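Remarks on the overall topology
Below are the chains, spelled out letter by letter.
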Amino acid sequence: MTWPVLRQEAGFCLLQMTGLPWLIIFSRVIHPNGKKECSRSTASGWMDGSHEGTTFPVRQPTMGTAASSQQLAAMEEMKTEKWTELVPMTPLRPGYPDTCKNYFPITSTQRWTHVRLNMYPDGGIARLRVYGIGSKDWSTVKNSELVDLVAMENGGVCLGFSNAHYGHPRNAIGLGRAENMGDGWETARRLDRPPILKADKSGVLMVPGCEWAVYRLGHPGVILKIEIDTNHFKGNYPDSCRIEACALSPEEEKAVVGKDGAATGKWKTLLGPTKLSAHHRLFLSGGQVQPVGVVSPVRLTMTPDGGISRMRLWGFPRAPNPAKL
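Residues numbered from 1 in each chain as written. Predicted model: local features only at pLDDT ≥ 70, side-chain atom pairs only at ≥ 80, totals over all residues. Heavy atoms only, no water.

1. Quick word on the overall build of the protein chain
Quick reminder of the rule: Secondary structure is summarised from DSSP: a helix means a run of H or I of at least four residues, a strand means a run of E of at least two, and numbering begins at the N terminus for each. The rule is simple: take the accessible area with a 1.4 Å probe, protein chains only, and divide by the maximum for that residue type; under 20% is buried, over 50% is exposed, in between is partly exposed. We call two residues in contact when some of their heavy atoms are within 4.5 Å.
If you tally the helices and strands in the protein chain, you get three helices and 15 strands. Here the protein chain holds 325 residues, and 39% of them are scored as buried. A separation of at least 24 residues holds for 76% of the contacts in the protein chain among residues at least 6 apart in sequence.

Below, the structure written as structure tokens:
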């Protein structure tokens with residue numbers, strides 16, 4: 001497919017998204033002759049204004065207006081016109097330190113798979129960040145299929161935490177294994193350690209302090225297997241951790257983000273105090289994981305402090321029981 005040589009003008013961008021696997025970009029352009037010889041459909045919305053015999057249009061976000069009828073037919077066949085506008089054509093600020101970041105609010109709650117960014121007419125964009133919550137198509141998941149219910153890519157969200165001095169707890173549910181310590185959840189050192197450390201029969205330190213993070217699962221479910229990964233944390237891993245879970249209504253969930261992570265006493269022990277080690281993937285299943293039924297929020301607690309790079313909670317997605325909320 002051959003495209004005509006086109007000229008554009010400065011200074012705008014437009015963001016659209018689609019659920020289709022096509023990322024073909026078309027821009028609002030000026031035909032090389034730049035005059036009124038353009039067809040009626042092409043000239044639609046143009047404004048007269050001559051400068052040295054050339055007519056310049058008003059910048060508009062219309063897509064593909066310089067394409068031929070054959071090209072438009074090809075676009076329609078590939079359904080590349082099925083884009084929903086999330087951010088209208090908007091002027092950007094120059095790339096100085098105090099003006100280089102441009103933020104745009106989005107109100108759409110629909111699930112998207114692809115994003116298309118259009119710049120007008122050309123130039124440079126250093127970074128594109130699209131913030132949101134992962135949304136898995138749970139209708140494709142079988143009832144007998146084990147899924148990492150807390151994974152960020154499956155819709156898991158960190159609701160609250162006690163400390164994120166070196167690394168945010170949302171990192172612990174990120175993709176793959178952590179690339180470094182900064183890619184995990186790491187807290188500051190606590191100052192309430194006793195001068196003499198004692199351990200219980202299982203080797204877990206008996207200390208008063210701890211740090212916690214609360215996560216909403218991407219889908220309520222029954223958790224059967226757990227992975228706690230301290231990858232990269234060699235001298236600053238927690239001595240132990242425990243995980244609790246419960247089923248909460250949306251109103252009760254708000255209490256989870258409170259100062260102490262309380263959930264009105266509904267927390268049930270999913271994983272009891274478990275000794276951790278440096279730079280190690282710990283897998284737990286069977287009798288180590290307590291049966292607590294269908295849950296949604298979970299609370300990961302480390303004792304006394306340190307870093308956890310990843311937490312995985314594998315289970316079966318299930319509908320919550322309204323009677324237990």
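Once the structure has been displayed, the description carries forward.
2. Some thoughts on a nonpolar patch on the surface
Condition: Like charges within 9 Å and nonpolar side chains (Val, Leu, Ile, Met, Phe, Trp, Tyr) within 5 Å are joined into patches, using only residues over 30% in relative accessible area that form no salt bridge. Using a 1.4 Å probe, the Shrake-Rupley method yields the accessible areas, and only the shown protein chains count as cover for residues. Criterion for a salt bridge: a side-chain nitrogen of Lys or Arg within 4 Å of a carboxyl oxygen of Asp or Glu.
Together, Leu 92, Phe 104 and Ile 125 make up an exposed nonpolar region whose accessible area comes to about 210 Å². Assignment of secondary structure puts Ile 125 in the loop between strand E5 (114-120) and strand E6 (147-148). Classification of Ile 125 as partly exposed rests on a relative accessible area of 33%.

3. Some thoughts on the environment of Gly 134
One can find Gly 134 in the loop between E5 and E6. The spacing of Gly 134 and Trp 112 is 22 residues in sequence and 9.5 Å in space, taken between C-alpha atoms.

4. So, the pattern of salt bridges
Summed over all chains, the structure comprises 12 salt bridges. With its nearest N and O atoms 2.7 Å apart, the salt bridge here joins Arg 190 to Asp 192. According to the relative accessible area criterion, Arg 190 is partly exposed, its value standing at 24%. Between Lys 275 and Asp 239 there is a salt bridge, with its nearest N and O atoms 2.3 Å apart. On the criterion of sequence distance, the pair formed by Lys 275 in strand E11 (residues 268-275) and Asp 239 in the loop between strand E9 (211-229) and strand E10 (240-245) is long-range, its members being 36 residues apart. Note on Lys 275: relative accessible area 38%, which makes it partly exposed. Judged by relative accessible area, Asp 239 falls into the buried class, the value being 9%. Residues participating in the shared-partner salt-bridge network are Arg 189, Arg 193 and Asp 305.

5. A short note on helix H2 (residues 69-78)
Using the following cut-off: The reported arc concerns the directions from the helix axis to the C-beta atoms and nothing else.
Within H2, burial applies to Gln 71, Ala 74 and Met 75. Buried residues of H2, viewed axially, fall in a sector of 100°; they line one side. Residues of H2 that are exposed and point over 90 degrees away from its buried face: Ser 69, Gln 70, Glu 76 and Glu 77. Looking at the residues trailing H2, positive phi occurs at Lys 79, about 60°.

6. Observations concerning the pairing of strand E7 (residues 157-161)
Every other side chain in a regular strand lies on the same face of the sheet, so the side chains alternate between the two faces. Definition in use: We treat two strands as partners when DSSP finds at least two bridges between them.
For E7, the buried fraction is high: four of the five residues fall into the buried class. With four bridges connecting them, E7 and E9 associate as antiparallel partners. By the bridge assignment for E9, Val 157 is matched with Arg 216.

7. Thoughts on the environment of Gln 110
Considering the arrangement of structural elements, one finds Gln 110 in the loop between strand E4 (84-91) and E5. C-alpha of Gln 110 to C-alpha of Ser 135: the two residues are 25 residues apart in sequence and 9.3 Å apart in space.

8. A short note on the nonpolar core
Taken as a class, soluble globular proteins show a tendency for nonpolar side chains to be buried jointly. Our working definition: What we call a nonpolar core is a set of buried Ala, Val, Leu, Ile, Met, Phe, Trp, Tyr and Cys residues that are connected through their side-chain atoms within 4.5 Å.
Formed by 31 residues in total, the largest nonpolar core has its most connected members in Tyr 215, Ile 226 and Ile 243. For this core, the secondary structure elements donating two or more residues are E9, E10, E11, strand E13 (295-303) and strand E15 (310-317). Looking at this core, the element that brings in the most residues is E9, giving six residues. By size, the runner-up hydrophobic cluster in this structure holds seven residues, among which are Leu 159, Trp 212, Cys 246 and Leu 248.

9. Thoughts on unusual backbone geometry
Glycine aside, the phi torsion of most residues is negative, and most peptide linkages are trans. In this chain, Tyr 120 is followed by Pro 121 through a cis amide linkage whose omega measures -10°. By the secondary structure assignment, Pro 121 is in the loop between E5 and E6. For the bond running from Thr 303 to Pro 304, omega is -10°, close enough to zero to count as cis. Looking at where Pro 304 falls in the secondary structure, it is placed in the loop between E13 and strand E14 (307-308). We note that His 232 has phi near 80°; this positive angle belongs to a residue other than glycine. Mapped onto the elements of the fold, His 232 is located in the loop between E9 and E10. Using a relative accessible area of 26% as the deciding quantity, one classes His 232 as partly exposed. In this structure, His 279 is a non-glycine residue whose phi angle is positive, near 50°. Summarising the element assignment, His 279 is placed in the loop between E11 and strand E12 (281-284). Residue classification places His 279 among the partly exposed residues on the basis of a relative accessible area of 38%.

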